[in-house]
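Chain by chain, the residues:
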Amino acid sequence: MQNTVEVAEERVANLVRQRIAEPFSYDARFRETGVRDLLRRIVDEAATTAVRSARDAIAIEKATKRGLVALRKLYAGFDPAKLKPEQQAWLEKQTSEAGNKRDE
C-alpha cells in the first residue's frame, strides 16, 4: 500500500517563512533559543566574510591603480628602439629573472 500526500508549494513556502520568523518574533518562548543564536552567527559570519572580501578587492584595485600610475611615470618617453644592445640585453635579463621568480 502506498499513500501519496500532495502539498501545494505555497503552503510549504508559508510554513518555511513562519518557521524562520519564529525565532525572531516578539514571542518570549523564542527569545533565548539556540536556533536564534545559530542563525545570527551564520548571518554574522557571512556578512563578515563579504565585508572582508570587498575590502580586499578594493585594496587590490587601489594597488593596481598605483602600480599603473608608477609604470606610466617610469615609461614616459621610453622608446625601446633607442636602446643600445647592452641596455637591451640587460632589460631582457631583468625581465626573464622577474618572470622566473613569479613562476616559483
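Residues numbered from 1 in each chain as written. Predicted model: local features only at pLDDT ≥ 70, side-chain atom pairs only at ≥ 80, totals over all residues. Heavy atoms only, no water.

Student: Help me understand the overall build of the chain in this model?
Tutor: Looking only at helices and strands, the chain has three helices and zero strands in total. The helix and strand sequence of the chain, counted from the amino end, reads α-α-α. Taking 13 Å as the expected radius of gyration for a compact globule of 104 residues, we find that the chain reaches 30 Å, considerably beyond that expectation. Counting only C-alpha atoms and orienting by the principal axes, one finds that the chain spans roughly 90 × 45 × 25 Å. With 104 residues in all, the chain has 5% of them scored as buried. Computed over 20 positive and 17 negative side-chain charges, the inter-centroid distance for the chain is 7 Å. (Helix = DSSP H or I, 4+ residues; strand = E, 2+ residues; numbered from the N terminus. Rg over C-alpha atoms; globule rule 2.2 N^0.38 Å. Buried < 20%, exposed > 50% of the residue type's maximum accessible area, 1.4 Å probe, protein only. Lys, Arg positive; Asp, Glu negative; His and termini not counted. Charge placed at Lys NZ, Arg CZ, Asp CG, Glu CD.)

Student: I tried to follow the pattern of salt bridges on my own but got confused; where do I start?
Tutor: Two side chains carrying opposite charge are able to pair once their charged atoms lie near each other. For the coordinates displayed, the defined rule picks out two salt bridges. Here Lys93 ties to Glu97 by a salt bridge, and the two come within 3.7 Å at their closest N and O atoms. Note that Lys93 and Glu97 are positioned in helix 3 (residues 85-103) at a spacing of four residues, about one turn of the helix. Among the residues examined, Glu97 registers a relative accessible area of 35% and is labelled partly exposed. (Salt bridge = Lys/Arg side-chain N within 4 Å of Asp/Glu carboxyl O.)

Student: How do you make sense of the environment of Glu61 when you look at a structure like this?
Tutor: Secondary-structure assignment places Glu61 in helix 2 (residues 34-74). Considering only alpha carbons, one finds Glu61 and Asn3, 58 residues apart in sequence, at a separation of 59 Å.

Student: How do you make sense of a nonpolar patch on the surface when you look at a structure like this?
Tutor: A cluster of nonpolar residues, Leu68, Leu71, Leu74, Tyr75, Phe78, Trp90 and Leu91, forms a patch on the protein surface that exposes about 700 Å² of accessible area. Secondary-structure elements contributing two or more residues to the nonpolar patch are helix 2 and helix 3. For the nonpolar patch, the element with the highest residue contribution is helix 2, accounting for three residues. Along the chain, Leu68 falls in helix 2. (Patch = residues over 30% accessible without salt bridge, like charges linked within 9 Å, V, L, I, M, F, W, Y side chains within 5 Å. Areas by Shrake-Rupley, 256 points an atom, 1.4 Å probe, with all protein chains shown as cover.)

Student: What exactly am I supposed to notice about the confidence of the model for the chain here?
Tutor: In low-pLDDT segments, the atomic positions of the prediction should not be examined closely. Mean pLDDT over the chain works out to 82, with 94% of the residues at or above the 70 mark. When pLDDT is averaged over each helix and strand of the chain, the minimum, 81, is found for helix 3 and the maximum, 85, for helix 2. (pLDDT = per-residue confidence, 0-100.)

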